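Notes for the structure review
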Amino acid sequence: MTAREIGGLQAWLCAAEGPSLAEDRNLSDLIGELFGAGARLVVIPLCRLGPDFPRLSSGVAGAVLQKLVNYRFRIALLGDVSAAEAASAPLRDFVRESNRGTTVWFVEDLAALEMKLTAG
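On a predicted model such as this, the values are computed, not experimentally measured, just so you know.

Rules and cut-offs
Residues numbered from 1 in each chain as written. Predicted model: local features only at pLDDT ≥ 70, side-chain atom pairs only at ≥ 80, totals over all residues. Heavy atoms only, no water. Phe/Tyr/Trp six-rings, centres within 6.5 Å; stacked < 30°, edge-to-face > 60°. Helix = DSSP H or I, 4+ residues; strand = E, 2+ residues; numbered from the N terminus. Buried < 20%, exposed > 50% of the residue type's maximum accessible area, 1.4 Å probe, protein only. Pairing = 2+ DSSP bridges. Axes fitted to C-alpha atoms, helices over the stretch in contact; angles between N-to-C directions. Contact = heavy atoms within 4.5 Å. Core = buried A, V, L, I, M, F, W, Y, C linked by side-chain atoms within 4.5 Å. Polar contact = N/O pair within 3.5 Å; in protein donor to acceptor, adjacent residues only side chain to side chain. Expected span 1.5 Å × (residues − 1).

Inspection of every chain in the model, using the stated rule, returns three aromatic pairs. Their ring planes at 80° and their centres at 5.7 Å tell us that F35 and Y71 sit as a pair that is edge-to-face. One end of the pair, F35, is in helix α1 (residues 24-37); the other, Y71, is in the loop between α2 (60-70) and β4 (74-78), and 36 residues separate them in sequence. Relative accessible area serves as the criterion here: at 43%, F35 is assigned to the partly exposed category. An aromatic cluster is defined as three or more aromatic residues linked by ring pairs; in this entry it consists of F35, Y71 and F73.

Listed below in structure tokens is the structure:
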């Protein structure tokens, strides 16, 4: 995990390589690291969330995001979800509604996250 200022906000970026954060133990370890670092915004590459994350019926997205939100973290999910959105109306709706809020965002890259943070 590395710290970086994005759009005037200190963000904590998870590496693309590493254990799956869809597993509760790994997610709990990440949360401990985030608290230790004083993080409020965490940037997670979608590849760290496993292949079931975009399939909402699997419950993975709900479990991961709810746990992070319960600890009051803002979350930016980094990567291209367009293919998964094209195949799933519920996911497309979820991404759209998430991106309207201030807690969970799906962004293609760090430049898009910076634009989102500075647009407000």
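After that view of the structure, there is still more to cover.
For the rest of this paragraph, the subject is the sheet that holds β4. Strand order across the open sheet formed by five strands is β1-β2-β3-β4-β5, with mixed pairing between neighbours. The two strands at the open ends of the sheet, each matched to only one other strand, are β1 (2-6) and β5 (104-107). Averaged over all neighbouring strand pairs, the angle between strand axes comes to 30°, with direction disregarded. Strands β1, β2 (9-13), β3 (41-45), β4 and β5 of the sheet are contacted by helix α5 (residues 110-119), whose axis makes an angle of about 135° with β5.

Moving on, we come to the nonpolar core. Counting 26 residues, the largest nonpolar core has I44, F53, L68 and L77 as its most contacted members. Those elements that provide at least two residues to this core are α1, β3, α2, β4, α4 (89-100) and β5. Top element by residues in this core is α2. It accounts for five residues. Ranked by size, the runner-up nonpolar core spans 11 residues in total, among them I6, A76, L78 and V107.

Here we come to the environment of S20. Tracing the chain through its elements places S20 in the loop between β2 and α1. S20 gets classed as partly exposed once you look at its relative accessible area, which sits at 23%. The contacts of S20, once residues within four sequence positions are left out, are N26, R48, L49 and G50. In terms of polar contacts, S20 uses its side chain to reach the backbone amide nitrogen of A22, at 3.1 Å.

Time to look at α1. For α1, built from 14 residues, the straight-helix expectation of 20 Å at 1.5 Å per residue is met to within 8% by its first-to-last C-alpha distance of 20 Å. Packed against the buried residues of α1 are β2, β3 and α2. Phi turns positive, to about 75°, at G38, one or two residues after α1.

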